[in-house]
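Notes for the structure review
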Amino acid sequence: MLALQIENIKGFMSHLLLKGTFDRFLVSDISVTTFTSFHIDGVYHPEFYADDITPEEAENIPDGTQVEWKAVRPFLLQVIRGKRLPLSFHFVLQYPAEETAVLLDENGLVSDPDEIYGLFLNLQYRNSALTLTTGSSLKSFTAGHAIDQAWDRSVRELLTAENIL
């Protein structure tokens, strides 16, 4: 597990809310506390969309049961934007299954992607501090930590490539 204290909160939040850096991630759970608390469970409700959806809405319709970050990001920007910082927030984002399979392959790991429930980014803001932690959830026990280590490296590479670290 990787645990990082994000020093440049403003820069990180720009990547999170304004840029597409994390758009491919799925939303697992979001809680934001400003003047009240907001909660998003990330579950996709297809019945919301009628036959007359706009091209922009169609672009954000997920293939699975969870929505992508890019679909939720504009709403959260409205909740968080303003003169006052949120009191706190906690975002749990999940790496897409297709990309998890690629990550395993690139790292020479023979684990079956179906045995991995998810690879997660946990972002927690509280008391003017932003912490990023990684995590994994496997469907069965494994003795090694190769998957965790590959995920941690991948996250570090993403953050370094985007000049977030």
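Just so you know, the residues in each chain are numbered from 1, in the order the chain's sequence is written. Note on the predicted model: pLDDT of at least 70 is required for a residue's local features to be given, and 80 or more for side-chain atom pairs to be given and counted; whole-chain, interface and lining totals, by contrast, use all residues. With hydrogens and water set aside, each side-chain value is computed from the structure's full complement of heavy atoms.

1. Details of the pairing of strand β1 (residues 3-6)
Here β1 shows a clear split, with Leu4 and Ile6 buried on one side and none of Ala3 and Gln5 buried on the other. By the bridge criterion, four bridges tie β1 to strand β6 (residues 129-138) in an arrangement that is antiparallel. Counted as the bridge partner of Ala3 is Thr133 from β6. The cut-offs for exposure are 20% and 50% of the maximum accessible area for each residue type, with area from a 1.4 Å probe on protein chains only; residues under the lower value are buried, those over the upper are exposed, and the others partly exposed. A run of DSSP states H or I qualifies as a helix once it reaches four residues; a run of E qualifies as a strand once it reaches two. Both are numbered from the N-terminal end. Two strands are counted as paired when DSSP detects at least two bridges linking them.

2. Thoughts on the packing of aromatic side chains
Pairs were defined over the aromatic rings of Phe, Tyr and Trp, the Trp ring being its six-membered one, requiring ring centres within 6.5 Å. Orientation was assigned from the angle between planes: stacked under 30 degrees, edge-to-face over 60, tilted for the rest. The final tally for this structure, using the stated rule, is 10 aromatic pairs. Between Phe22 and Phe25 the ring centres are 5.9 Å apart and the planes differ by 50°, which places this aromatic pair in the tilted class. Under the relative-accessibility criterion, Phe25 is labelled buried at 1%. Both rings, one in Phe25 and one in Trp151, keep their centres 6.4 Å apart while their planes meet at 50°; by these two values the pair is tilted. Of this pair, Phe25 sits in the loop between α1 (9-17) and β2 (26-33) while Trp151 is found in helix α5 (residues 146-161), placing the two residues 126 residues apart along the sequence. Trp151 carries the same exposure label as Phe25, and that label is buried. Here a set of aromatic residues connected by ring pairs shows up, and it is made of Phe12, Phe22, Phe25, Tyr95 and Trp151.

3. Looking at the pairing of strand β4 (residues 88-94)
The buried count for β4 comes to six of seven residues, which makes it a mostly enclosed element. Bridge count between β4 and strand β5 (residues 116-126): seven bridges; the pairing is antiparallel. Paired with Phe91 across the two strands is Leu123, which belongs to β5.

4. Digging into the nonpolar core
The nonpolar side chains of soluble globular proteins are, as a tendency, buried together. Nonpolar cores were defined as sets of buried Ala, Val, Leu, Ile, Met, Phe, Trp, Tyr and Cys residues, with membership established by side-chain atoms within 4.5 Å. Core analysis: the largest hydrophobic core is formed by 38 residues, its most contacted members being Phe12, Leu16, Phe22, Trp69 and Phe91. Residue contacts are defined here by distance: any two heavy atoms, one from each residue, within 4.5 Å place the two residues in contact. Setting aside residues up to four positions removed in sequence, Trp69 forms contacts with Leu16, Leu17, Phe22, Asp23, Phe25, Val27, Ile30, Leu76, Phe91 and Leu93.

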